[in-house]
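Residue-level structure breakdown
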Amino acid sequence: MPDVFPPDVFPKDTIRCDACPVLCYIKRGQTGACDRYANFDGQLVRVDPHVLLDQAKSSGQPLVPFLEREADWDGTLVKSKETFVTAIGAGTTYPDYKPAPFIVSSEVDGVDMVTVVTEGIFSYCGVKLKIDTDRHLGPERNLVRAQGEPVGHVTTAEYGSQMLSLGGVHHLTGGTKSEGRVTCETLLDLCNGKELELTIDEGASIRVAAGKPPVVNGQREERMRVGCGSATIGMFAKQWFGKVDDVVVVDDHITGILSEHQAGKLLGVRETGIAIQGRRSTPGRYFQVANPGTGWGGTDISDPLTILKPFKSKFAWPGLRLLMVSTTGEQYAYFELDETLRPIEKNLPRELQTSVERIRENCEPALTTVLFMGGAGGSLRAGVTENPVKLTNSVKRSLTRVTSGGAPVYIWPGGGITFMVDVSRMPENAFGYVPTPALVAPIEFTLKASDYAALGGHTDHVRPLEEVFREKERRRQITSAPQSPNSPKTQTNSGGRE
Ligand code: SF4
């Protein structure tokens, strides 16, 4: 962040950026503290291009104009009616009682619509990381660190995934200056798809990036589990029946045993006298067979026999065949009982190989998902309407559609406009920051023109889409995630001069 001197120490054409509370003085040819704004020939300009999304491309229509449309093709790759104005590169107005940078009118299926776009400055924001792995990353509530600074914590695990909650106003503003800076940097990198390293107190060291497999303690995660141990027994019981006498699916959460499980009972699997560590939940389902870790099925074991107790001689028999397998099928071992009822490891019989491969085949690729979560309930709304609560009400009543960089968002129930968006559905580098510190994220509100007027919108600042589209300065094309409703394979960017 540059020093802010009295204006008289700067050359004449130094300008002051008023797009955020930092209020940088920017000399000619230089950028402000966030690198988003620059002094270009004495004019304040938004450095990144303003992204317009071409909806025609997302709906699978031809990318190249032809037939009757070819004649009036003017060289641009989008037509205004097919274009959605995102907030990426649109800039910010501060303080927010000023209208948002772009309030654009367009016609959709004969209905006059308005889209209000702004790059919101979010002090109240964070990311939720879903990391598809069974491996134990660290105890719930333990701190997650980046560059040694606390940036979040481990939160409730989900089915086949470990969850981290990063950022939030307490890490951004409530700790040391360094904690706030590193938290902001971490959120920015994750939201913009970069890979970074995180460490968890009393836990693992991980490398994560949106849409990529996580790396846990240096090991790239290939698959997420097919299900918990009990579910795996249910799924594959029929395929094991007759080929093996008992199966244990090792899982840190619920380890399953075929002969005791309801699936085994229904098939008529004989009792085997198997006994296992841990706490029995229901027949064939055991909790806490070992400690959490990065070994078999998210436990800390590398030798599966350590979770077995001696077989009960009343039921077991020499030659009893036992398969032990993890929930991803990555680890497996086959045993037969000797005369003293001790399990002896043998090669996996061919007829069981298919079932182990089937477990692996049913495991989906392990990925890291990054959801940005931010609250637009504050003054940002005043850039949309003079009566901010009306915007909230309109969003709650689904009269106003909220998107982030053209991607769909989930709006939390209750007060304010607190939303979540999958960053991998947004165009690249959609996020920025300001050194307050806070994250800058695109947000768009689209509603009927009549509804916009009714909620006290800044109607005198509405500009036709065609007018925005004609501003070709610094326009270029980029490719973005094709799955978003408003994010096509091709986008056109227009200059973002303020
Ligand atoms: S940090 Fe960026 S947005 Fe804020 S005043 Fe400086 S240049 Fe402008």
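Rules used in this analysis
- Residues numbered from 1 in each chain as written.
- Predicted model: local features only at pLDDT ≥ 70, side-chain atom pairs only at ≥ 80, totals over all residues.
- Heavy atoms only, no water.
- Pairing = 2+ DSSP bridges.
- Helix = DSSP H or I, 4+ residues; strand = E, 2+ residues; numbered from the N terminus.
- Contact = heavy atoms within 4.5 Å.
- Axes fitted to C-alpha atoms, helices over the stretch in contact; angles between N-to-C directions.
- Disulfide = S-S within 2.5 Å.
- Buried < 20%, exposed > 50% of the residue type's maximum accessible area, 1.4 Å probe, protein only.
- Salt bridge = Lys/Arg side-chain N within 4 Å of Asp/Glu carboxyl O.
- Core = buried A, V, L, I, M, F, W, Y, C linked by side-chain atoms within 4.5 Å.
- Expected span 1.5 Å × (residues − 1).
- Arc of directions from axis to C-beta.

A word on the sheet that holds strand β12 (residues 161–167). Sheet architecture is open: eleven strands sit in the order β16-β15-β14-β13-β10-β11-β12-β9-β26-β30-β29, paired in antiparallel fashion. Because the sheet does not close on itself, it has two edges, and the strands there are β16 (219–220) and β29 (410–411). Note: strand β9 (residues 125–132) against β12, seven bridges, orientation antiparallel. Residue pairing across strands places I131 opposite Q162, the latter belonging to β12. Strands in contact with helix α3 (residues 177–191) are β9, β10 (143–146), β11 (149–158), β12, β13 (196–200), β14 (205–208) and β26 (368–375); relative to β11, the strand with the most contacts, it is inclined by about 50 degrees.

For the rest of this paragraph, the subject is the state of the cysteines. Under the defined criterion, the tally for this structure stands at zero disulfides. C184 carries a free sulfur, and the closest cysteine sulfur to it, the one in C125, is 7.4 Å from it. For C184, a relative accessible area of 3% corresponds to the buried category.

This brings us to the pattern of salt bridges. Taken as a whole and assessed by the stated rule, the structure comprises 21 salt bridges. Of the charged contacts in the structure, one is a salt bridge between R46 and D48, with a shortest N-O distance of 2.6 Å. The salt bridge partner of R225 is D251, with a shortest N-O separation of 3.0 Å. Here R225, found in the loop between β16 and α4 (229–240), pairs with D251, found in the loop between β17 (246–250) and β18 (255–257); they are 26 residues apart in sequence, far enough to count as distant. Taken individually, R225 and D251 each receive the classification buried, so the pair is uniform in this respect. What you see here is one network of salt bridges that share partners, running through R36, R46, D48 and E119.

Moving on to the sheet that holds β18. Read across the sheet, seven strands follow the order β20-β21-β18-β17-β23-β24-β25 without closing on themselves; strand pairing throughout is mixed. At either margin of the open sheet sits one strand with a lone partner, and together these are β20 (279–282) and β25 (343–346). Strand-to-strand twist in this sheet, taken as the mean axis angle between neighbours without regard to direction, amounts to 25 degrees. Relative to strand β23 (residues 321–326), β17 runs parallel, the two sharing five bridges.

It is worth spelling out the nonpolar core at this point. Within the largest apolar cluster, 59 residues are counted, with the highest numbers of intra-cluster contacts made by L164, L166, L198, I206, F372, F431 and F445. Tallying contributions element by element places α3 first for this core, with six residues. Leaving out residues up to four positions away in the same chain, L166 has contacts with G126, V127, L129, V144, V151, G152, H153, T186, L187, L190 and L198. V248, V289, I307 and W317 belong to the second largest nonpolar core, which has 22 residues in total.

Moving on, we come to α4. Relative to the 16 Å expected for twelve residues at 1.5 Å per residue, α4 spans just 15 Å between its end C-alpha atoms, considerably shorter than the ideal helical length. Every buried residue belonging to α4 is among G229, S230, T232, I233, F236, A237 and W240, and all of these are buried. All buried residues of α4 project into a common sector of 150 degrees when viewed along the axis, lining one side. Close packing links the buried residues of α4 with β17, β18, α5 (262–267), β21 (285–287), β23 and α6 (350–361).

Taking every second residue as pointing to the same face, the buried face of β10 carries V144 and A146, while none of L143 and R145 on the other face is buried. Examined bridge by bridge, β10 and β11 share four bridges and lie antiparallel to one another. Looking at β11, one finds that L143 is bridged to H153. Hairpin remark: β10 followed by β11, antiparallel, with two residues in the connecting loop; positive phi at Q147, about 50 degrees. The sheet contact formed by β10 and β13 spans two bridges and is antiparallel. Opposite V144, over in β13, you have I200 as the bridge partner.

Everything listed here is a matter of coordinates, which is why it stays silent on function.
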